[in-house]
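# What the coordinates show
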There are 4 protein chains.
Amino acid sequence: MSRPRPLRVALIGTGFMGAAHSHAWRTAPHVFDLPPVDRSVICGRDPQRTREAAAKFGWLESSVDWREVVARDDIDIVDICTVGETHAEMAEVALAAGKHVICEKPLANTVEEAQRMTRAAQRAQARGVVSMVAFNYRRVPALAYARELISQGRLGEVRHVRAQYLQDWIADPDFPLVWRLQKDKAGSGALGDIGAHVIDAAEYLTGQRIERVSAMLHTFVSERPLAENMVGLSGTGGADRGEVTVDDAALIHATLSGGAIAAIEATRFATGRKNSVRIEINGSRGSVAFDFESMNELLFHDADLADIEGGFRRIYVTEPDHPYAGAWWPPGHGLGYDHTFVHEVVDFVRAIGSGTPPTPSFAEGLHVQRVLEAVEASARTGSTWTAIDQDEEGRS
Amino acid sequence: MSRPRPLRVALIGTGFMGAAHSHAWRTAPHVFDLPPVDRSVICGRDPQRTREAAAKFGWLESSVDWREVVARDDIDIVDICTVGETHAEMAEVALAAGKHVICEKPLANTVEEAQRMTRAAQRAQARGVVSMVAFNYRRVPALAYARELISQGRLGEVRHVRAQYLQDWIADPDFPLVWRLQKDKAGSGALGDIGAHVIDAAEYLTGQRIERVSAMLHTFVSERPLAENMVGLSGTGGADRGEVTVDDAALIHATLSGGAIAAIEATRFATGRKNSVRIEINGSRGSVAFDFESMNELLFHDADLADIEGGFRRIYVTEPDHPYAGAWWPPGHGLGYDHTFVHEVVDFVRAIGSGTPPTPSFAEGLHVQRVLEAVEASARTGSTWTAIDQDEEGRS
Amino acid sequence: MSRPRPLRVALIGTGFMGAAHSHAWRTAPHVFDLPPVDRSVICGRDPQRTREAAAKFGWLESSVDWREVVARDDIDIVDICTVGETHAEMAEVALAAGKHVICEKPLANTVEEAQRMTRAAQRAQARGVVSMVAFNYRRVPALAYARELISQGRLGEVRHVRAQYLQDWIADPDFPLVWRLQKDKAGSGALGDIGAHVIDAAEYLTGQRIERVSAMLHTFVSERPLAENMVGLSGTGGADRGEVTVDDAALIHATLSGGAIAAIEATRFATGRKNSVRIEINGSRGSVAFDFESMNELLFHDADLADIEGGFRRIYVTEPDHPYAGAWWPPGHGLGYDHTFVHEVVDFVRAIGSGTPPTPSFAEGLHVQRVLEAVEASARTGSTWTAIDQDEEGRS
Amino acid sequence: MSRPRPLRVALIGTGFMGAAHSHAWRTAPHVFDLPPVDRSVICGRDPQRTREAAAKFGWLESSVDWREVVARDDIDIVDICTVGETHAEMAEVALAAGKHVICEKPLANTVEEAQRMTRAAQRAQARGVVSMVAFNYRRVPALAYARELISQGRLGEVRHVRAQYLQDWIADPDFPLVWRLQKDKAGSGALGDIGAHVIDAAEYLTGQRIERVSAMLHTFVSERPLAENMVGLSGTGGADRGEVTVDDAALIHATLSGGAIAAIEATRFATGRKNSVRIEINGSRGSVAFDFESMNELLFHDADLADIEGGFRRIYVTEPDHPYAGAWWPPGHGLGYDHTFVHEVVDFVRAIGSGTPPTPSFAEGLHVQRVLEAVEASARTGSTWTAIDQDEEGRS
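Residues numbered from 1 in each chain as written. Chains lettered and ligands numbered in written order. Predicted model: local features only at pLDDT ≥ 70, side-chain atom pairs only at ≥ 80, totals over all residues. Heavy atoms only, no water.

Any region with low pLDDT has predicted coordinates that should not be read closely. When pLDDT is averaged across chain A, the result is 95; 96% of the residues are at 70 or more. In the predicted assembly, ipTM is 0.94 and pTM is 0.96. (pLDDT = per-residue confidence, 0-100.)

Spelled out as structure tokens, the structure:
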């Protein structure tokens, strides 16, 4: 029997996410049972840097013309790892060309863009074309397992969500004004970059939608040195200064469709917290708690047990039956950040194979975008409770 | 030299707080250097139960007439451990009679009551009479030490406060309608009972005042069986049901006088969290984090250290130089919940001896009351940002 | 009905343990249901210091003549809190005088002394006189609960014991040569002072006896400044130096009567560990783990649960049904070091009332003494496996 | 400039370690700056399974004749991932053929084999051929950083090593008799398989050599069902039973060349501990503690800080300057088990490039083998202290 023609991937973006997705494309077929995948082209803006990225990340070709690449007949999948402002156009073009699209989060910089993308995705889906927004924290085994527990009713009626995404990389006022601090490029600050993750996680885990928010945004440092060189998330600052046009921190209260209430926070000023994605959910029958800084652990309190022997138990999420874990190593051998991207690629490729639309869909990405927009609207209007439009597009 | 005449104490209240304060009065003079103290009278409502409380808790006399006791010439100190609705009258009468007063929190059920009490305290202070509101969590050594670190500038500019008081004792809808769930008796629910503690702690630790709040209150279970017997916090429920008139949970956003922002939460529905008073404070130079369920530990991140060796360090707050700890046991031998009341008594008695007004003053208690009222006002008006009156009374 | 004549206590010793036991005698009757107890006499060596101790710790009288006190008709209980070399004589005299005796651990400095004490206790028991050795860690609620779990079979067949008592208070070579570092006074070093606790705990928890040991003792710092002033465990050193005649650390392998094997360690050189009593026990059906530095928590792994949801659960040992906890505060309000002594007094006084011999008996103290002696013998002979005599005296 | 000819690798072994090493060879050149590497041939015993492994793990060719492959001129590197009994012959043949050799641990099943291998490696080294034994835990960033701290003197004089490798995968008596439980195949049980890792780690971290050991070995379950199918570490058991010929647990006391003493334990019966490699080291100036189940964290106590602010600090070992971490993701994004193999390959390939012999050398592997043998000898002779031969071969 002949080997099937490999799926051919074009990845756009050579930065942090480009590296992470490249790792995933290199690794997924060698660990999970997947159809063959070719890392065909990586696209960037600078020819030299893109060539280097191709060599380093393991892509057959490089290109500075994403449109041309996306138009090629031999490309099956387009993986968008660029800044938010470019997502909508790239996705629309790719979907129109019949390519399966996986797009980094947040889906777009505005609701309007996200709507266009969602409509494009829905049109494409009718033709068997698959799309997905890359909320990679859904693919942390501990969180995927938490969702299983909750959807099985093990927490009973969910009442509280406490979700925080805490970082500290711009706590220093002299940290330069990188693109992530500019509204025109990034859409928003902590809110869209990291808050989007915990907003999505809150909904993913509970199976409830955020219906209304009351929120505040805050910028602690309003002016910063202009960035001169960027490496990863960082860079060096020059003598000139510019205005920070995004939020440093977002504080959100929300009500969810199933009756839960949520306190959500995202900040880049939590000194000492490097990438602390913390989620605690309390229900009538139990609770779960998670911190990405100990990503292989899920704390689970099962209130069905007698009080005398109850307590949060640390489930080390490396057992064969835990989500994704069985394909890796024996129990007790934990995974890392990059494994989440591998899992994402696995689910995406399998969705292509099966024809089942993967999650989170662009519609779900749009929904998160609407939550982000509602947060901004609420923050602008004195934390007024602001409803999130739950129209059909927003349903997954 | 003759032994000084002991300070004579009358305690009002025979419940949970009466027991805790009794323990403190019994213990403090035997561990700390204090003038002698006599546990003279305990006051309650039921003669038999009060007599039993006197015997059990170690008081010389019992009484069901607190007014008579407070009027006695031989009583120096009145310790108010009753439900909130009675605080104002008792404190006013006691202060007018020239008694030093320590009063359980929250100071009162309304701002109006707290104002009257504060004015009474200020009048009394002019005559050398001392008063204090009993926010016992200030006397957890780890939190007192956190305050030292912050006031020494070790955290730099404080930016974030994240404070939660999580319990789960009414998560069961069949838990009875005890007095703490009735607005006329308790003033409010989770908000005043436990939220007050973290509101006070947020201000105590940062040295900043809450200026504005945007908040929501939520009641998950609106009807419960009427309580028939009460033991400690609990009791059994009968067949009849009544309305829960207080909040089950409070979610608060706040801005502080020094530029910090705060996310505060209090709930009795956090399944698996028994008495989790969690506070994290992030500043430009460092952070602290605390959970009362590990009350002898303070986590401190010192951002002045090189990144490569930085991290939250678990300070086991049992060293001789830690607040209160030196009077107890050698390093490594932790304290418990009841020790906080001992420390409270120590500070109060020393303040009487030195004539220095103790903290937190009734004025500070009033301020917390105003925050509670602002939270309720904000919650009633769609989380509108509501300013807290910072008049002179409110200054400590 | 007339109040029963109180039990009258004489306590010998005014140091760290004298303070801790005084706290227990003051507190126990006010928290637990106990017959009345009078703190009649405290005995010491120096008249002035003993008078001060009486005043500070709350005893009616002081004395420097323990023999006279023990002979008094009105004394019912003798509580021995002195250095190990004095235990045997005091206990024998007190038991002969018909006094109930509680004696600090280790029971004695030699097996021969412990045998005499045990025989005296057994003779006295025939006359209704009660005796107990004060291994207070048995009264940590978390450990008492661990024993319950194990005795109920929840761990199945016990295979591994891992027990460590880690301190660091003499890690500094200039720490002075206090009595605990002198063999003639203390009997041994880390071995008897703290190792005895974990040896007892290993047996208490598993219900198995140590049968054979292979051990090493080590002294890292062999000479120290002579002590000039002692306060608590500490003191200051002078210019002259003396020889350390005890072990700084003990490493023990042991086999237990039920087939388990144990690795036990005691050291005063574990820099950063202040009073870390750590015990982990693995059985065929589950495991428990404990660290006294988080004394209100017991970790329990229940292997009967499905692997996918298994994990060590942190039982916060403050529920009403947990050992000792119900008499204190509502769930979630943890206890401290001194509470263990209160529990010890409670069990001792109740044993007097019921006539049931309390545990641990002097015979159990003797058994621990034999283990200590076997450890020393093994260490002297190249870690030869050395059997512990399990004669009838040793049975509890 | 033309791209250099890639290094061509042949890997022998298709099991758990074959998968892990394959992942490393696939990943290392795409994350770290390395010369190009080709995954040329994977060798196994069964043609079909080896072909499948080649496809799955990403090797160009498969072979069932390792001798032929090792003899090929185009192969530069031989990676030995087979059972211990085969290591010696494979390594000798490969080294004689001028191939660089990386060999899984333990280096061999006997000291005699390890000596032959070490002599072969030393002969080969004279010809520029490089060899390394794969103790992958040295490549955990947290442990590599711990070594940096210790070698910089941050712990002062090292006094205590406490090292445990705890697993539970054969706690069930019905777990089948897989090859790891057969002495002729595996050499020893827990001792060589996992104890070897912590023995190596104890020496690596402290920079001291184990000089003498006193040890016991124990087998809890002496007979098991014969294995019928093996998957990963596991398999299913049949009706027939066979004898377990290896240890289930090893308990070791050791003295180290720099004056430290060590308590080391390895077991497969620690129910609930999946892959808990725990190491704590106490020195005069500080301590470190580590548990592989939280592999991105190193606890460090710096005793140079004032006592009042001292404590174990949790260093999240993901900063750019931490060993290996800079090549991966921004701070806060942790790594997993498989990353340790990537780091191993990086160090090995760089050593080939630079001509500097990598560590751990075969000589170090031989030394660990001697420790294992001394442990067995001591255990056979009643835990007699047994010296480890420290001859020149054993020096790194």
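Moving on: the interface of chain B and chain A. At the junction of the two partners, chain B supplies 43 residues and chain A supplies 43 residues. Surface buried jointly by chain B and chain A totals about 3,300 Å² across both partners, of which 55% is contributed by carbon and sulfur atoms. Area buried by chain B at its contact with chain A is led by B:Arg159, B:His253 and B:Thr271, which between them contribute 20% of it. Summed over the shared surface of chain B and chain A, the result is six salt bridges. B:Arg273 is the salt-bridge partner of A:Glu280, the closest N and O atoms lying 2.9 Å from each other. At the boundary of chain B and chain A, one finds 19 residue pairs in polar contact (both at pLDDT 80 or more). Of all elements in the fold, only strand 7 (158-166), strand 8 (210-218), strand 11 (249-256), strand 12 (261-267), strand 13 (276-283) and strand 14 (286-291) of chain B reach the threshold of two or more residues within the side of chain B that touches chain A. Grouping the amino acids of the side of chain B that touches chain A by side-chain chemistry returns 18 nonpolar, 19 polar and six charged. (Contact = heavy atoms within 4.5 Å. Buried area = accessible area lost by both parts, 1.4 Å probe. Salt bridge = Lys/Arg side-chain N within 4 Å of Asp/Glu carboxyl O. Polar contact = N/O pair within 3.5 Å; in protein donor to acceptor, adjacent residues only side chain to side chain. Helix = DSSP H or I, 4+ residues; strand = E, 2+ residues; numbered from the N terminus. Nonpolar A, V, L, I, M, F, W, Y, C, P; charged D, E, K, R; others polar.)

It is worth spelling out the interface of chain C and chain B at this point. At the interface, 38 residues of chain C touch 38 residues of chain B. When the buried surface of chain C facing chain B is broken down by residue, C:His30, C:Lys56 and C:Trp329 rank first, second and third, together holding 23% of it. Ionic pairing is found between C:Glu319 and B:Lys274, a salt bridge with its closest N-O pair at 3.7 Å. In this assembly, chain C and chain B are joined by 17 residue pairs in polar contact (both at pLDDT 80 or more). With nine residues, helix 1 (residues 16-31) of chain C is the largest single contributor of residues to the side of chain C that touches chain B.

With that out of the way, let us pick up the relation of the copies chain C and chain B. Laying chain C over chain B is done by rotating through 180° and shifting 0.0 Å along the axis; what remains is an RMSD of 0.0 Å. One copy is carried onto the other by what is essentially a two-fold rotation axis. Across chain C, the smallest distance between a C-alpha and the rotation axis is recorded for C:Gly336, namely 2.1 Å. By residue overlap, the copies meet face to face through one surface: 100% of the interface positions of chain C are interface positions in chain B. (Least-squares fit on C-alpha atoms with pLDDT ≥ 70 in both.)

This part takes up the sheet that holds strand 4 (residues 77-80) of chain A. Residue and element names in this part refer to chain A. In space, the six strands of this open sheet follow the order 3-2-1-4-5-6, with parallel pairing throughout. The open sheet has two edge strands, strand 3 (61-63) and strand 6 (131-134), and neither has a second partner. Pairs of neighbouring strands in the sheet enclose a mean axial angle of 20°, with direction left out of account. The strands touched by helix 4 (residues 87-96) within the sheet are strand 1 (7-12), strand 4, strand 5 (100-104) and strand 6, with strand 5 carrying the most contacts at an inclination of about 170°. (Pairing = 2+ DSSP bridges. Axes fitted to C-alpha atoms, helices over the stretch in contact; angles between N-to-C directions.)

All names here are of chain B. Position of Gly98 relative to the elements: it lies in the loop between helix 4 (87-96) and strand 5 (100-104). When its relative accessible area of 31% is taken as the criterion, Gly98 is described as partly exposed. Each C-alpha atom of the pair Gly98 and Gln390 lies 28 Å from the other, and the pair is 292 residues apart in sequence. Contacts of Gly98, omitting those with residues within four sequence positions, involve Arg127 and Val129. (Buried < 20%, exposed > 50% of the residue type's maximum accessible area, 1.4 Å probe, protein only.)

With that settled, the discussion passes to the packing of helix 4 (residues 87-96) of chain D against helix 5 (residues 111-126) of chain D. All names here are of chain D. Interaxial distance between helix 4 and helix 5 falls to 9 Å at its minimum, and their mutual angle equals 15°. As judged from the angle between their axes, helix 4 and helix 5 are roughly parallel. Both helix 4 and helix 5 take part in a crossing whose hand is left-handed. Side by side, helix 4 and helix 5 meet where His87, Ala88, Glu89, Ala91, Glu92 and Leu95 of the first sit next to Glu113, Arg116, Met117, Ala120, Ala121 and Ala124 of the second. Of the residues contributing to the contact of helix 4 with helix 5, the split by class is seven nonpolar, one polar and four charged. (Parallel < 35°, antiparallel > 145°, perpendicular 65-115°, else oblique. Left-handed = near helix turned anticlockwise from the far one by under 90°.)

What follows covers the relation of the copies chain B and chain A. Relative to chain A, chain B is turned by 180° and slid 0.0 Å along the rotation axis, the superposed coordinates differing by an RMSD of 0.0 Å. Of all interface residues in chain B, 100% are interface residues in chain A too; the two copies therefore contact each other through one and the same surface.

Moving on to the sheet that holds strand 5 of chain B. All names here are of chain B. Ordered in space as 3-2-1-4-5-6, the six strands form an open sheet in which the pairing is parallel. Looking at the sheet topology across the chains shown, the edges are occupied by strand 3 (61-63) and strand 6 (131-134). On average, each strand axis in the sheet is inclined to that of its neighbour by 20°, with strand direction left out of account. Of the strands in this sheet, strand 1 (7-12), strand 2 (37-43), strand 4 (77-80), strand 5 and strand 6 touch helix 1 (residues 16-31), which is tilted by about 165° from strand 2. Taken strand by strand, helix 9 (residues 339-354) contacts strand 1, strand 2, strand 4, strand 5 and strand 6, and its axis lies near 155° from that of strand 5.

Turning our eyes to something else, we now look at the nonpolar core. Core analysis: the biggest nonpolar cluster contains 242 residues, and A:Trp25, A:Phe362, D:Trp25 and D:Phe362 have the highest contact counts within it. With residues up to four places along the chain from it excluded, the contact list for A:Trp25 reads A:Val9, A:Leu11, A:Val37, A:Arg39, A:Trp59, A:Ile77, A:Asp79, A:Ile102, A:Val345, A:Phe348 and A:Val349. Among the nonpolar cores identified, the runner-up in size contains 241 residues, and B:Tyr204, C:Val69, C:Val70 and C:Val288 belong to it. (Core = buried A, V, L, I, M, F, W, Y, C linked by side-chain atoms within 4.5 Å.)

Let us now look at the packing of helix 5 (residues 111-126) of chain C against helix 10 (residues 362-380) of chain C. Residue and element names in this part refer to chain C. Relative orientation of the contacting elements helix 5 and helix 10 amounts to 170°, with a least axis distance of 9 Å. Judged by the inter-axis angle, helix 5 sits roughly antiparallel to helix 10. You can see that helix 5 and helix 10 cross each other, and the crossing is left-handed. Side by side, helix 5 and helix 10 meet where Val111, Ala114, Gln115, Met117, Thr118, Ala121 and Gln122 of the first sit next to Phe362, Ala363, Leu366, Gln369, Arg370 and Glu373 of the second. Here the contact of helix 5 with helix 10 is built from residues that sort into seven nonpolar, four polar and two charged.

Right, let's talk about helix 10 of chain C for a bit. With 19 residues, helix 10 of chain C extends 27 Å between its outermost C-alpha atoms, agreeing within 8% with the 27 Å of an ideal straight helix rising 1.5 Å per residue. Downstream of helix 10 of chain C by one or two residues, C:Gly382 has phi in the positive range, about 70°. (Expected span 1.5 Å × (residues − 1).)

Residue and element names in this part refer to chain C. In total, this model carries 44 aromatic pairs over all chains according to the counting rule given. Measuring from centroid to centroid gives 5.4 Å for Trp169 and Phe175, while their planes differ by 80°, and the two rings are edge-to-face. Residues Tyr337 and Phe341 carry aromatic rings whose centres are separated by 5.1 Å and whose planes lie at 80° to one another, so their mutual orientation is edge-to-face. Linking Tyr337 with Phe341, this pair stays in helix 9 (residues 337-354), spanning four residues, or about one helical turn. (Phe/Tyr/Trp six-rings, centres within 6.5 Å; stacked < 30°, edge-to-face > 60°.)

Once that is clear, we can look at unusual backbone geometry. The omega torsion across A:Lys105 and A:Pro106 is -15°, close enough to zero to call that bond cis. Positionally, A:Pro106 belongs in the loop between strand 5 and helix 5 (111-126). Of note, the amide linkage connecting D:Thr359 to D:Pro360 takes the cis form, showing an omega dihedral of -5°. Take D:Pro360: it is sitting in the loop between helix 9 (339-354) and helix 10 (362-380). Phi at B:Ser383 is positive, roughly 65°, even though this residue is not glycine. Tracing the backbone shows B:Ser383 in the loop between helix 10 (362-380) and strand 17 (386-387). B:Ser383 sits in the buried class, given a relative accessible area of 1%.

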